[in-house]
Amino acid sequence: MVLAKPESDPKTPLGARIRSIRKHLGDPDRESFAKMIGISKNTIAFYERGERTPDATVLAAYRERFGVDTNWLITGEGDPFGDTSKNTEAGPSEGADIVNVRFQDLRVSAGPGLTVLDERNAEMIGLSRRILHELGLSPLQTLIMMVDGDSMSPTITDGAVIFVNRNERQLREGKVYVLSLAGDLVVKRIQLNFDGGITLLSDADGPAFPPRKIDPVDIEHVNVVGRVVCAMSPV
């Protein structure tokens, strides 16, 4: 197995702030993160090490893609996400605090798996900061998706909207997670096995929804997208 080369520490405060954004997003590798903002892996490495200064186009990409306050990114002053958190137009309540959250227009399956997640196609939608706070979520760590299938009923019904915490990727007994398995996306409850493997459980009863055991040797092929913290079902 080839080990990844350790990343160098940032040389400047600006580099450290740029690096912190990737950490807030769950610390994806540089190559995949660079694709999300339309630059190369080497370029993002220069920025994060503090060896180059990003231009206006890159700063705009951080703002539009992740809701980062560009003033904070440049100067370190203010809130990292304060620039896009305030709703400046008249709304239901004056001074409503709105933050940008990623919405993936791809249904995660509660039955057979669906296509693998590609966050480059995610949209940004505005949500109340208070609601996210009550759910224990931060804007950059939240992913909103829709569920297709009824194997997780009654907990998560067909067509439900789920809030996924990207920061919670350590599997815990009895919790519900969105997982990527061999290119498929599924939402399942987790059972931790004594042999180091896991079993994927459906909340619905019946032979149509059998448990799926993942052996310890296959765990490395399971990519945890995040833990489901809330499900909103259609009426």
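About the thresholds
- Residues numbered from 1 in each chain as written.
- Predicted model: local features only at pLDDT ≥ 70, side-chain atom pairs only at ≥ 80, totals over all residues.
- Heavy atoms only, no water.
- Axes fitted to C-alpha atoms, helices over the stretch in contact; angles between N-to-C directions.
- Helix = DSSP H or I, 4+ residues; strand = E, 2+ residues; numbered from the N terminus.
- Parallel < 35°, antiparallel > 145°, perpendicular 65-115°, else oblique.
- Contact = heavy atoms within 4.5 Å.
- Nonpolar A, V, L, I, M, F, W, Y, C, P; charged D, E, K, R; others polar.
- Salt bridge = Lys/Arg side-chain N within 4 Å of Asp/Glu carboxyl O.
- Buried < 20%, exposed > 50% of the residue type's maximum accessible area, 1.4 Å probe, protein only.
- Core = buried A, V, L, I, M, F, W, Y, C linked by side-chain atoms within 4.5 Å.
- pLDDT = per-residue confidence, 0-100.

Peer 1: Tell me about the packing of helix H2 (residues 30–37) against helix H4 (residues 56–66), residues and numbers included.
Peer 2: In the contact formed by H2 and H4, the axes pass within 9 Å of each other and the chain directions differ by 90 degrees. In terms of their interaxial angle, H2 and H4 are classed as roughly perpendicular. Where H2 abuts H4, its residues Phe33, Met36 and Ile37 lie against Ala61, Tyr62, Arg65 and Phe66. Tallied by class, the residues present in the contact of H2 with H4 amount to six nonpolar, no polar and one charged.

Peer 1: Please give an account of the pattern of salt bridges that cites residues and values.
Peer 2: When the charged atoms of two side chains lie near each other, side chains of opposite charge can form a pair. Taken as a whole and judged by the stated rule, the model has nine salt bridges. Glu51 is paired through a salt bridge with Lys11; the nearest N and O atoms lie 3.0 Å apart. Placement of the pair is Glu51 in the loop between helix H3 (41–49) and H4 and Lys11 in the segment before helix H1 (13–24), with a sequence separation of 40 residues. For Lys11, a relative accessible area of 62% gives the class exposed. The partner of Arg227 in a salt bridge is Glu168, and the shortest N-O contact between them spans 2.6 Å.

Peer 1: Would you mind going over H3 in detail, with residue names and values included?
Peer 2: Every buried residue of H3 is accounted for by Thr43, Ile44, Ala45, Tyr47, Glu48 and Arg49. Tucked into the core, H3 has its buried residues touching H1, H2 and H4.

Peer 1: An account of the packing of H1 against H3 is requested, with residue identities and associated values reported.
Peer 2: With their axes 6 Å apart at the nearest point, H1 and H3 run at an angle of 125 degrees to one another. Considering their axes alone, H1 and H3 lie oblique with respect to each other. Taken together, the residues of H3 that come into contact with H1 (itself represented by Gly15, Ala16, Ile18, Arg19 and Arg22) are Ile44, Tyr47 and Glu48. Counted by class, the contact of H1 with H3 contains four nonpolar, one polar and three charged residues.

Peer 1: Explain unusual backbone geometry residue by residue, including any values.
Peer 2: Going from Ser153 to Pro154, the amide bond is cis rather than trans, its omega being 5 degrees. With respect to the element layout, Pro154 can be found in the loop between strand E4 (142–148) and strand E5 (161–165).

Peer 1: For the nonpolar core, give the residues involved together with the corresponding values.
Peer 2: Counting 21 residues, the largest nonpolar core has Ile21, Phe33, Ile44, Tyr62 and Phe66 as the members making the most contacts within it. Listed by contribution, the elements that provide at least two residues to this core are H1, H2, H3, H4 and helix H5 (70–75). Tallying contributions element by element places H4 first for this core, with five residues. Once you skip the residues sitting within four places of it in the chain, Phe66 turns out to touch Ile21, Leu25, Phe33, Met36, Ile37, Ala61, Phe81, Met124 and Leu140. Ile162, Val178, Val225 and Val228 belong to the second-largest nonpolar core, a separate cluster that totals 14 residues.

Peer 1: So what about the confidence of the model for the protein chain? Which residues, and what values?
Peer 2: Considering every residue of the protein chain, the mean pLDDT works out to 80; 83% of them sit at 70 or more. When mean pLDDT is compared element by element in the protein chain, strand E8 (residues 198–201) scores highest at 96, while strand E2 (residues 114–115) scores lowest at 48. Segment residues 83–96 is flagged for pLDDT under 50; beyond a separation of four residues in sequence, or across chains, it makes 18 contacts in the model.

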